[in-house]
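# Results of the structural survey
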Amino acid sequence: MSALMKVARVNKLFTPIIVRSASDSVKYPKITTHYTIHPRDNDERWKGVNMERFIDEVDVVIVGGGPAGMSAAIRAKQLAAEQQKEIRVCVVEKAAEVGGHILSGAVVDPVSINELFPNWKEMGAPLNTPVTKDSFSYLTDAGRISIPIFKGWPMDNHGNYVVRLGHLVKWLGEQAEALGVEIYPGCAAAEVLFHKDGSVKGVATNDVGIAKDGSPKDTFARGMELHAKTTIFAEGCRGHLTKQIMRQFNLNEGSQHQTYGIGLKEVWEIQPEKHQPGLVEHTIGWPLDKLTYGGSFLYHLNEPTPTIAVGFVVGLDYQNPWLSPFQEFQRFKTHPKVREVFEGANRIAYGARAINEGGFQSLPSKLTFPGGCLVGCSAGFLNVPKIKGSHYAMKSGMLAAESALESIMGEKQETTGYEPKSYPDKIKNSFIWKDLYKVRNVRPSFHNPLGLYGGMMLSGISIFLGGREPWTLKHAGLDNQSLKLASQCPQIVYPKPDNKISFDLLSSVALTGTNHEGDQPAHLTLHSDRTPIDHNWALYEGPEQRFCPAGVYEYVPNDEGGNMKLQINAQNCIHCKTCDIKDPKQNINWVVPEGGGGPAYNGM
């Protein structure tokens, strides 16, 4: 039996049958009702329900309508037009509108859009704010120490643009549609489909009309199947289908595990006299301790109103379970050298996202598989010291499209699904590979006894050498294994929000535009309902209620005896994927919500 045939036999999600005793039901109330944990085959309520899906056949399916996905779609149609060929290219995007789930203010290197649309300025692309000034500082408790930025170093943003990335992605979507790309917003890819030989066949979109208890409503409708010659996964960081693909085809064999950070962002309208369009500021240091990786960014946009995007990144390998990335972000804004920009200002949006921090060492050893490939942040293409990945996402999407069309238009295939085999070589010959190799030692250099101080010294040497040092450092352990016991760590007491510069969690979530139907199964599933109490609460005092930046997880009393239970407020979820990464036992799995739904970041 071939390896692919073996893969085909295990291509379904693991769906354990949960057997619960009466005492268990009291101590461990049932939390998860999702069909990936409680199969419908075993549920009498689903007997007789029509589970047939509508099927459509296309040439290329792209999962995710961000910078990578849209660039892949555009490039595929451009190449087909050049060859006078007709192909169907389809993009499925879980947001209700293109760009709706993009979290930004971002600084974008225009190298990829220059290639995709050389006349993008004349076409009206929303890159309106060239970087005019860079600032990099180390914050002490009360002061700021400037750190020089040399030309060509990662923090040098000369020639880049401050953008609202959601606006750019929306514009890319308009260009894609003009070229004939079929875009299905509000349709989340929920399942990978496979041919009998084990190669990827396409994807199925999510079902709708399911009640919170997991039963079908009168409005139940099955998702549709999209079959393609090649499927390009552009889900972004920690995509739930990408995780399955990586496991099934062992794409990470020989490479290091991925590491992550959580990036929290807000958009503010500030006083006009404080606004400097094109100013880019970054800080490290306070409020984080020396053993916690992270820092801030603040970008001044050129908008009709004086607008800034401010954010804070915390490495998810932090050790203290009492730490809250959201609270650290709020505390950062109160620093004496920072708060002045927010005084008299108005916060208008909030959001959060996990970001890849593994860099070169954590790139999949195989970027392709029978039937498709990975692009953008699905593959881990992010430059950590630059805090940039959009131009890599776009370039990787373009290269994947080129390789996919080479396969579709002529290469003899070994499997039913077409594998874009030239894609890895195209990546290795591109600026993506060169750039990531040069900075490969920056992030892992912070794993040393001196923490931040040793990391600054070691990464500075690496940057000075341009990545030519004859060694490659390794990352430390998995992010979910980094927490120390709550009893071993000092509790962190965060100041109360003043509701002017710092804010509470729920009022922040209200600014994300989160929109999940209340009566639907929680899309944050637990493999075991026992683990939160027996492990997370017992050892770490429930860290998920602190590492989640949206108030999704809450421990509440279960009885009068002081026992606790976990409550999941799934309607708050802003799709950051932090819980999927940081949960100590990897008991939490993020899957797409019923209906796609989710937050609309209004082009942040």
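Residues numbered from 1 in each chain as written. Predicted model: local features only at pLDDT ≥ 70, side-chain atom pairs only at ≥ 80, totals over all residues. Heavy atoms only, no water.

Put simply, the test is: UniProt positions are given in the numbering used here, feature names are shortened, and annotations may be inferred rather than shown by experiment.
As annotated in an unreviewed UniProt entry, the protein carries the name Electron transfer flavoprotein-ubiquinone oxidoreductase and comes from Glossina austeni. Reading the Catalytic activity (unreviewed entry) entry of the UniProt record for the protein gives the comment "a ubiquinone + reduced [electron-transfer flavoprotein] = a ubiquinol + oxidized [electron-transfer flavoprotein] + H(+)". The record in UniProt for the protein states the following under Function (unreviewed entry): "Accepts electrons from ETF and reduces ubiquinone."

### Quick notes on the layout of surface pockets
Put simply, the test is: Whether a set of points on the 1 Å grid over the protein atoms alone is a cavity depends on a 1.4 Å probe fitting there but being unable to get out, while an open set qualifies as a pocket with protein on both sides within 12 Å along at least five of seven lines; lining residues are those with an atom within 4 Å of a point. Grid points are joined across faces, edges and corners, and a volume is the space filled by probe spheres set on the points. Helix and strand definitions follow DSSP, with helices as H or I runs of at least four residues and strands as E runs of at least two, each counted in order from the N terminus.
Of the voids in this model, the largest pocket is the one considered here, and its volume is about 890 Å³. If you trace the largest pocket, you find 43 residues lining it, with R238, K243, Q244, R247 and D580 closest to the centre. Listing elements by their share of the lining of the largest pocket, those giving two or more residues are β9 (189-194), α7 (240-249), α16 (578-582) and β24 (588-590). Residue contributions to the lining of the largest pocket peak at eight residues, all from α7.

### Describing the packing of helix α3 (residues 67-82) against helix α6 (residues 165-178)
Applied cut-off: To get an axis, fit a line to the C-alpha atoms, keeping to the stretch in contact for a helix; angles then go from 0 to 180 degrees between the N-to-C directions. For classification, angles of less than 35 degrees are called roughly parallel, those exceeding 145 degrees roughly antiparallel, those between 65 and 115 degrees roughly perpendicular, and all remaining angles oblique. Whether a crossing is left-handed or right-handed is set by the direction in which the near helix is turned from the far one by less than a right angle, anticlockwise for left-handed and clockwise for right-handed. Contacts: residue pairs with any heavy atoms within 4.5 Å of one another. Note on residue categories: nonpolar means Ala, Val, Leu, Ile, Met, Phe, Trp, Tyr, Cys or Pro, charged means Asp, Glu, Lys or Arg, and polar means any other residue, Gly included.
Two numbers describe how α3 lies on α6: the axes approach to 9 Å, and their chain directions differ by 20 degrees. Regarding the angle of α3 to α6, the classification is roughly parallel. Here α3 and α6 pass one another in a crossing that is left-handed. Each of P67, M70, S71 and I74 in α3 lies in contact with α6, whose residues at this interface are L165, V169, L172, G173, Q175 and A176. Residue classes in the contact of α3 with α6 are distributed as seven nonpolar, three polar and no charged.

### Topic: unusual backbone geometry
Across the junction of W286 and P287, the peptide omega takes the value 10 degrees, indicating a cis bond. A positive phi angle, close to 55 degrees, is found at Q84, a residue other than glycine. Take Q84: it is sitting in the loop between α3 and β2 (89-93). Here the phi dihedral of H575 falls at roughly 65 degrees; this positive angle occurs in a residue that is not glycine. One can find H575 in the loop between β23 (564-568) and α16.

### Quick look at the packing of aromatic side chains
Each aromatic ring pair is described using two quantities: the centre-to-centre distance and the angle formed by the ring planes. The following threshold applies: Stacked, edge-to-face and tilted labels apply to pairs of Phe, Tyr and Trp rings (six-membered ring for Trp) whose centres lie within 6.5 Å, assigned for plane angles under 30 degrees, over 60, and everything in between, in that order. To sort residues, take the accessible area from a 1.4 Å probe on protein chains only and compare it with the maximum for the residue type: under 20% means buried, over 50% means exposed, and anything in between is partly exposed.
Scanning all chains against the criterion turns up 18 aromatic pairs. Ring geometry for F233 versus F369: centroids 5.9 Å apart, planes at 50 degrees, classification tilted. Of the two residues, F233 sits in strand β13 (residues 225-233) while F369 sits in strand β19 (residues 368-369), which places them 136 residues apart along the sequence. By relative accessible area, F369 is classed as buried at 1%. Aromatic side chains W268 and F503 sit 6.0 Å apart centroid to centroid with 55 degrees between the ring planes, which places their arrangement in the tilted category. Of this pair, W268 sits in strand β14 (residues 260-269) while F503 sits in the loop between α12 (452-465) and α13 (505-509), placing them 235 residues apart in sequence. Residue class for W268 comes out buried when judged on its relative accessible area of 0%. On the accessibility criterion, F503 (12% relative accessible area) is buried. By the ring-pair criterion, three or more aromatic residues cluster together here, those being F194, F233, F249 and F369.

### Overview of the UniProt feature "domain: ETF-QO/FixC ubiquinone-binding" (unreviewed entry) in the protein
Mapped onto the present numbering, the UniProt feature "domain: ETF-QO/FixC ubiquinone-binding" (unreviewed entry) falls at residues 260-355. What you have in residues 260-355 is 8% helix and 45% strand, and the ends, taken at the C-alpha atoms, are 6 Å apart.

### What to know about the sheet that holds strand β4 (residues 129-130)
Picture the strands of a sheet paired through backbone hydrogen bonds; they go either parallel or antiparallel. Heads up, the condition is: Strands are labelled as partners when DSSP assigns at least two bridges between them.
Strand order in this open sheet of three strands is β3-β7-β4, and the pairing throughout is antiparallel. Each of the sheet's edge strands pairs with one partner strand only, and the pair in question is β3 (106-108) and β4. Relative to strand β7 (residues 161-163), β4 is paired through two bridges, and the arrangement is antiparallel. Note on β7: the bridge partner recorded for P130 is Y161.

### Side note on the environment of N128
Positionally, N128 belongs in the loop between α5 (120-123) and β4. The exposure class of N128 is partly exposed, given its relative accessible area of 47%. For the pair formed by N128 and V203, sequence separation is 75 residues and the distance between their alpha carbons is 37 Å.

### Points about the pattern of salt bridges
Quick reminder of the rule: Counted as salt bridges are all cases of a side-chain nitrogen of Lys or Arg within 4 Å of a carboxyl oxygen of Asp or Glu.
The final tally for this structure, using the stated rule, is 27 salt bridges. Note that D213 and R45 form a salt bridge whose closest N and O atoms lie 3.4 Å from each other. With D213 in the loop between β11 (208-210) and β12 (216-221) and R45 in the loop between α2 (22-27) and β1 (55-63), this residue pair connects regions lying 168 residues apart in the sequence. We classify D213 as partly exposed; its relative accessible area is 40%. The exposure class assigned to R45 is partly exposed, which follows from its relative accessible area of 37%. A salt bridge links K243 to D580; the nearest nitrogen and oxygen atoms lie 2.8 Å apart. Here K243 is found in helix α7, whereas its partner D580 is found in helix α16, with 337 residues between them in sequence. D580 carries the same exposure label as K243, and that label is buried.

### Quick notes on α12
How we decide: An expected span of 1.5 Å times one less than the residue number is assigned to each helix. Here the arc refers to the directions that run from the helix axis out to each C-beta atom.
The terminal C-alpha atoms of α12 lie 20 Å apart, and with 14 residues this matches the ideal 20 Å at 1.5 Å per residue to within 8%. Buried within α12 we find L452, G454, G455, S459 and S462. Summarising the axial view, the buried residues of α12 lie within an arc of 150 degrees, below the 170-degree limit, and thus occupy one face. Close packing links the buried residues of α12 with β5 (133-139), β15 (279-285) and α11 (431-438). One or two residues past the end of α12 sits G466, with phi positive at roughly 65 degrees.

### Brief notes about the packing of α3 against helix α9 (residues 390-409)
For the pair α3 and α9, the least separation of the axes is 7 Å and the interaxial angle reads 35 degrees. The crossing of α3 and α9 is right-handed. Residues P67, A68, S71, A72, R75, A76, L79 and A80 of α3 form the contact with α9, whose participating residues are S390, A393, M394, G397, M398, A401, E402 and L405. Residues that form the contact of α3 with α9 fall into these classes: eleven nonpolar, three polar and two charged.

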